[in-house]
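# Examination of the molecular architecture
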Amino acid sequence: MASSLLNRALRSIKQTNFLSNLRSLNFTSIATAHDSPSDASSSSSFTFDNTNTKKEQENNSIYLKPPTSDAKPETRTSSSVTMPMSFMTGSIVGKRFYKKVGTRESDDGVGWTVMLDYRTLKTPSKRPLKLPTSALAKAIAAEWEYQQTDGIRPFTMPLMKLACTALERVPLTRVKIIENLMQKFNQDLVFCRAPEDNTLTVGLHARQVEKIDPLLAWVNSEFGFKPTVYSSFFGGKQEDGLTKAVENLLKKTDDCELAAIDALAAAAHSLVIALGIFRGKLQIEKAIELIRLEEDLQVDKWGLVEGGHDVDIADLKVQISSATVFLGLSRRNSFSD
């Protein structure tokens, strides 16, 4: 499902009327409430309560937080809904409890929010899910709209998870995220080169020269320092000037950008590929080709293992595509709301 949703988003990005396509989605601005089915409390992992502040009660908010042992079942008078923390870990978290999904501009006029019926969606720490663009809000609303009645499946909502990461985790751990990225920079995938004088790896070496060297040339022109390639699994060391330039770039990113770069780097095992996507040097298909360069060579030689290689490829496509789409939709200057 996530792959299907991302494919639709990617096709829209290639069109000049991308924002108008998003606006054409059948979303209501603020939908009316609905009566919940009688068996909702017994079959759903979601719990509803009235423990909010007066302000939150007026907003009729929905938020995410860990389940508690004294969680109360859903009632018609509830003003908020608590989602279990398993929402962030990928398991099915209960039946769909809403009928309509919509978006609206935030109360302060800065950012956009997602509406589930009459409730405003909130982050795990009860902060408003305030998104920087209408396009991103509608894309996340589409993820909620595509959920089936028999269960909410967080693993089909990569944009929602990235948004929670950008709004909650990045502001608190920005320094640590950058430190972790830079610690792995010298062992970047694109800096590791197969030995040229080995008959077993000569084919891979030639493929790396053909495919990866253009990206290394871009790094040289972009940051003013030529990267060093090496054949050791333990990595090498890049020039201090290059390391500092990359670190300075990361420090200038906003929270959504850093969340996307971190997700891309983790999936690609390469900060350079993540930055290539971030700066528009690499498209999704090219990035995936570089990431899988060695493994695809092995598949060409020995064949594809069903249930193994194909699953890995699909998972990689979802991770790279979702982070790239999130990055594009979160940029205010890319779309006119």
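In this report, we go over the structure that sits alongside the text.

With that out of the way, let us pick up the side chain of R153. Within the fold, R153 resides in the loop between α5 (134-145) and α6 (158-183). Under the relative-accessibility criterion, R153 is labelled buried at 17%. Those residues within four positions of R153 in sequence are excluded, and the remaining contacts are I92, Q147 and Q148.

In this structure, I140, W144, L271, I273, L275, I320 and F326 are the most contacted members of the largest nonpolar core, which totals 74 residues. At 11 residues, the largest contribution of residues to this core is made by α6. Setting aside anything within four residues of it in sequence, one finds I273 in contact with L189, V190, L215, A268, L282, A287, L290 and I291.

To describe two helices that pack against each other, one gives the angle between their axes and the distance between the axes. Following both chains from N to C, one finds helix α7 (residues 202-223) and helix α10 (residues 271-278) inclined at 70°, their axes separated by 11 Å at the closest point. One element, α7, and the other, α10, form an angle in the roughly perpendicular class. The handedness of the crossing between α7 and α10 comes out as left-handed. Residues L215, W218, V219 and F223 of α7 form the contact with α10, whose participating residues are V272, I273, L275 and G276. Split by residue class, the contact of α7 with α10 holds seven nonpolar, one polar and no charged.

Turning next to the environment of T149. Mapped onto the secondary structure, T149 falls in the loop between α5 and α6. Sequence separation between T149 and R96 is 53 residues; the distance between their C-alpha atoms is 4.8 Å. For T149, the contacting residues outside a window of four places in its chain are K95 and R96.

In this section: α7. Here α7 contains 22 residues, and its C-alpha end-to-end distance of 30 Å stays within 8% of the 32 Å for a straight helix at 1.5 Å per residue. Taken as a whole, α7 carries its principal kink of about 45° at I212; the proline P214 stands between one and four residues after it. Residues of α7 that are buried: L204, H205, Q208, K211, I212, L215, L216, W218, V219 and F223. The secondary structure elements touched by the buried residues of α7 are α8 (240-251), α10, α11 (284-291) and α12 (293-302). Immediately downstream of α7, the backbone of G224 shows phi near 80°, a positive value.

Right, let's talk about a negative patch on the surface for a bit. Residues E306, D310, D312 and D315 make up a contiguous surface patch of negative charge. Residue placement: D315 occurs in helix α13 (residues 309-329).

In this section: the pairing of strand β4 (residues 101-105). Among the five residues of β4, four are classified as buried, and the element is accordingly described as predominantly covered. One ladder, built from five bridges, connects β4 with strand β5 (residues 112-116); its direction is antiparallel. Residue E105 lies in a different strand from β5, and its bridge partner there is W112.

The rules we used
Residues numbered from 1 in each chain as written. Predicted model: local features only at pLDDT ≥ 70, side-chain atom pairs only at ≥ 80, totals over all residues. Heavy atoms only, no water. Helix = DSSP H or I, 4+ residues; strand = E, 2+ residues; numbered from the N terminus. Buried < 20%, exposed > 50% of the residue type's maximum accessible area, 1.4 Å probe, protein only. Contact = heavy atoms within 4.5 Å. Core = buried A, V, L, I, M, F, W, Y, C linked by side-chain atoms within 4.5 Å. Axes fitted to C-alpha atoms, helices over the stretch in contact; angles between N-to-C directions. Parallel < 35°, antiparallel > 145°, perpendicular 65-115°, else oblique. Left-handed = near helix turned anticlockwise from the far one by under 90°. Nonpolar A, V, L, I, M, F, W, Y, C, P; charged D, E, K, R; others polar. Expected span 1.5 Å × (residues − 1). Bend = angle between axes of the 7 residues up to and from the residue. Patch = residues over 30% accessible without salt bridge, like charges linked within 9 Å, V, L, I, M, F, W, Y side chains within 5 Å. Areas by Shrake-Rupley, 256 points an atom, 1.4 Å probe, with all protein chains shown as cover. Salt bridge = Lys/Arg side-chain N within 4 Å of Asp/Glu carboxyl O. Lys, Arg positive; Asp, Glu negative; His and termini not counted. Charge placed at Lys NZ, Arg CZ, Asp CG, Glu CD. Pairing = 2+ DSSP bridges.

Note that all results are geometric; they support no functional claim without further evidence.
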